[in-house]
Amino acid sequence: MKQHIIPHNYISSMNIGIIGLGDMGRLYAKAFAAAGYDVCGCDLPQNREKLEAELGPPGIKVLNDGHEVSARADVLIYSVEAESIAAVVAQYGASAKAGAIVAGQTSVKSPEIEAFEKYLPANVYIVTIHALHGPGFAPDQQKLAIIPHRSNPEVYQRMLDIFVKIGSDIVEIGDYHEHDKIVADTQAVTHVGFESMGTAWKEAGFFPWENASYIGGIDNVKILTTLRIFSYKAHVYAGLAILNPYAKQQVKRYAVSESELFKLMIKEEEKDFRGRIYKARDFVFHESTKPILLNDTVMREFSLAGKPELRKHNSHLSLLSMVDAWYHLGVNPYDNLICQTPPFRLRLGIAEYLFKNEELLEESIEAALYDKTIRGDDLEFHSAVREWSSIIVYGDMKGYKEHFNQVKEFFGDRLEQGRIQSAELIRRLME
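Residues numbered from 1 in each chain as written. Predicted model: local features only at pLDDT ≥ 70, side-chain atom pairs only at ≥ 80, totals over all residues. Heavy atoms only, no water.

Attention shifts here to the domain arrangement of the protein chain. When its domains are assigned, the protein chain resolves into domain 1 (15-174) and domain 2 (178-429). For domain 1 versus domain 2, the distance between C-alpha centres works out to 32 Å. Contacts between the two partners involve 19 residues from domain 1 and, on the opposite side, 23 residues from domain 2. At the boundary of domain 1 with domain 2, total buried surface from both sides reaches about 1700 Å², with 64% on carbon and sulfur atoms. Its largest share of buried area at the contact with domain 2, domain 1 owes to Glu-83, Leu-132 and Ile-173, together 28% of the area lost on that side. Counting the contacts that link domain 1 with domain 2 gives five residue pairs in polar contact (both at pLDDT 80 or more). Sorting the residues of the side of domain 1 that touches domain 2 by element identifies helix H5 (110-119) and strand S7 (143-150) as the ones contributing at least two each. Looking at side-chain class alone, the side of domain 1 that touches domain 2 contains nine nonpolar, five polar and five charged residues. (Domains from an automatic or database assignment. Contact = heavy atoms within 4.5 Å. Buried area = accessible area lost by both parts, 1.4 Å probe. Polar contact = N/O pair within 3.5 Å; in protein donor to acceptor, adjacent residues only side chain to side chain. Helix = DSSP H or I, 4+ residues; strand = E, 2+ residues; numbered from the N terminus. Nonpolar A, V, L, I, M, F, W, Y, C, P; charged D, E, K, R; others polar.)

Take a look at the structure:
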């Protein structure tokens with residue numbers, strides 16, 4: 001990864017425009033304004049008064065619509081939902097001024113680039129971006145991918161300078177296809193694993209922190225990350241999974257891995273099950289990988305359990321399935337850390353923690369094969385993975401959001417507590 005350095009007193013005269021002042025749009029508008037840029041933006045008309053009250057003090061101009069923003073902006077960022085990108089670019093794309101640099105903030109680039117190529121004038125540049133963090137984190141020191149599409153070295157450097165100026169930790173990716181393949185692994189499949197856990201707990205009718213099978217370092221991370229994901233908006237995850245052309249293949253593989261392992265478990269076919277787990281372990285966690293090494297003491301601190309209970313053994317079927325899927329896809333997840341998000345790093349971290357601890361892995365295998373007290377929970381997880389996989393493979397955007405919001409409602413006010421604790425957990429584990 002290249003390091004980009006610009007003078008400390010560098011202030012650009014470029015105008016930055018943002019179409020879509022939702023959570024991420026406002027976050028970056030404020031960061032640009034704080035760095036000394038002239039910033040303007042727009043959102044739906046009914047949000048204007050509220051936005052002016054919030055953004056006026058930092059000096060951000062809230063304009064009538066995307067035509068006005070496009071006409072002013074030297075750098076124009078579309079910060080809208082992935083499922084809406086084509087319609088919004090179709091509406092405002094022609095108003096982009098000659099020589100402007102246009103980017104999108106969606107998490108899946110294939111439909112975004114398709115819309116840009118179709119609706120933007122030929123005399124604008126396209127250098128798109130993806131902030132690899134949620135709105136709970138300011139851009140400073142957070143990873144941000146920059147992907148050139150229609151550009152030249154000078155234009156590309158100007159775009160890099162803008163984000164260096166606000167403190168982004170820049171990841172350079174060659175093209176949008178490479179980006180979408182990596183994101184399918186680091187986000188789409190990662191989210192499905194945690195979403196399936198949340199669905200399984202909802203269907204089983206219990207909160208995991210009240211169950212002795214979910215007490216311990218790994219499970220604390222699972223629970224808090226699940227709550228963190230469900231504390232945000234459904235459309236973010238739906239777009240990532242359904243609109244990414246590479247996600248369906250990877251989600252389907254995860255579902256196949258989980259199903260095949262579950263069948264071996266219920267038939268108690270120990271030789272085949274054990275052989276498969278160790279083959280996947282040797283592929284993913286070989287000696288040349290640079291370990292993450294999560295801190296067990298820190299993981300154990302972050303428990304939502306109201307009282308200490310004797311920890312029961314857990315099959316960790318969600319993690320066994322993920323590592324098996326990586327093996328069958330031929331994916332080295334450590335390579336994808338260049339586009340890591342906190343949930344992906346935590347997921348890879350707890351998988352590493354499990355698979356590189358012989359005693360814990362053996363405990364997990366024994367529980368998976370022979371512990372009937374955990375089998376009902378594993379059945380709920382198996383059903384949940386099937387449901388999420390089917391929704392994604394069929395491209396059911398409405399079903400995805402409804403499924404997501406049902407689980408969100410089940411966890412209720414615990415989501416905010418989970419989001420706060422997970423942010424602190426992430427901070428502590430990444431120090």
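Structure's up, so let's keep going.
Structurally, the position occupied by Glu-178 is in helix H7 (residues 176-204). Considering only alpha carbons, one finds Glu-178 and Tyr-246, 68 residues apart in sequence, at a separation of 10.0 Å. Only 3.3 Å separates the side chain of Glu-178 from the backbone nitrogen of Gly-174, close enough to count as a polar contact.

Right, let's get into the nonpolar core. Counting 79 residues, the largest nonpolar core has Phe-273, Trp-326 and Tyr-400 as the members making the most contacts within it. For Phe-273, the contacting residues outside a window of four places in its chain are Leu-261, Leu-264, Met-265, Leu-320, Ile-365, Ala-368 and Leu-369. (Core = buried A, V, L, I, M, F, W, Y, C linked by side-chain atoms within 4.5 Å. Buried < 20%, exposed > 50% of the residue type's maximum accessible area, 1.4 Å probe, protein only.)

Right, let's talk about the packing of helix H10 (residues 247-266) against helix H13 (residues 317-329) for a bit. For any two helices packed against each other, one specifies the crossing angle of their axes together with the interaxial distance. At a closest axis distance of 8 Å, the pairing of H10 and H13 adopts a crossing angle of 120 degrees. If you check the angle between H10 and H13, you find them oblique. As H10 runs across H13, the sense of the crossing is right-handed. Counted together, Gln-249, Gln-250, Arg-253, Tyr-254, Ser-257, Glu-258, Leu-261, Phe-262 and Met-265 of H10 and Leu-317, Ser-318, Leu-320, Ser-321, Met-322, Asp-324, Ala-325, His-328 and Leu-329 of H13 form the full contact between these two elements. Here the residues of the contact of H10 with H13 are counted per class, giving nine nonpolar, six polar and three charged. (Axes fitted to C-alpha atoms, helices over the stretch in contact; angles between N-to-C directions. Parallel < 35°, antiparallel > 145°, perpendicular 65-115°, else oblique. Left-handed = near helix turned anticlockwise from the far one by under 90°.)

As used here, a disulfide is simply a covalent bond connecting the sulfur atoms of two cysteines. Using the criterion set out here, one finds zero disulfides in the structure. The thiol sulfur of Cys-40 is not disulfide-bonded, and the nearest other cysteine sulfur, from Cys-42, lies at 8.2 Å. (Disulfide = S-S within 2.5 Å.)

Bringing the pairing of strand S6 (residues 125-131) into the picture now. The element S6 is largely enclosed, with a buried count of six among its seven residues. By the bridge criterion, two bridges tie strand S5 (residues 101-104) to S6 in an arrangement that is parallel. When the sheet's bridge partners are listed, Val-102 is paired in S6 with Ile-126. Between the parallel elements S5 and S6, the chain passes through H5 in a crossover that is right-handed. (Pairing = 2+ DSSP bridges. Right-handed = clockwise from strand over helix to strand, strands pointing away.)

A residue-level look at the protein chain finds 95% of positions with pLDDT of 70 or above and a mean pLDDT of 91. Across residues 1-11, confidence stays below pLDDT 50; counting only partners more than four residues off in sequence or on other chains, it has 17 contacts. (pLDDT = per-residue confidence, 0-100.)

With the rule as written, the count across this model stands at 26 salt bridges. Ionic pairing is found between Glu-112 and Lys-109, a salt bridge with its closest N-O pair at 3.0 Å. In this structure, Glu-112 and Lys-109 share a single accessibility class: buried. In this structure, a network of salt bridges that share partners links the residues Asp-23, Arg-26, Lys-30, Glu-54 and Lys-233. (Salt bridge = Lys/Arg side-chain N within 4 Å of Asp/Glu carboxyl O.)

Our next topic: unusual backbone geometry. One non-glycine residue, Gln-141, adopts positive backbone phi at about 70 degrees. Examined against the element boundaries, Gln-141 turns out to sit in the loop between S6 and S7. One non-glycine residue with positive phi stands out, namely Leu-293, at about 55 degrees.

To continue, consider the packing of aromatic side chains. Tallied over the entire structure, the rule returns 20 aromatic pairs. On the numbers, 5.5 Å between centres and 80 degrees between planes, the contact of Trp-201 with Tyr-214 is edge-to-face. Taken together, the residues Trp-201 in helix H7 and Tyr-214 in the loop between H7 and helix H8 (217-230) connect sequence positions 13 residues apart. Note on accessibility: Trp-201 and Tyr-214 belong to one class, buried. Look at Trp-326 and Phe-344: their rings are 6.5 Å apart centre to centre, the planes differ by 80 degrees, and that puts the pair in the edge-to-face class. (Phe/Tyr/Trp six-rings, centres within 6.5 Å; stacked < 30°, edge-to-face > 60°.)

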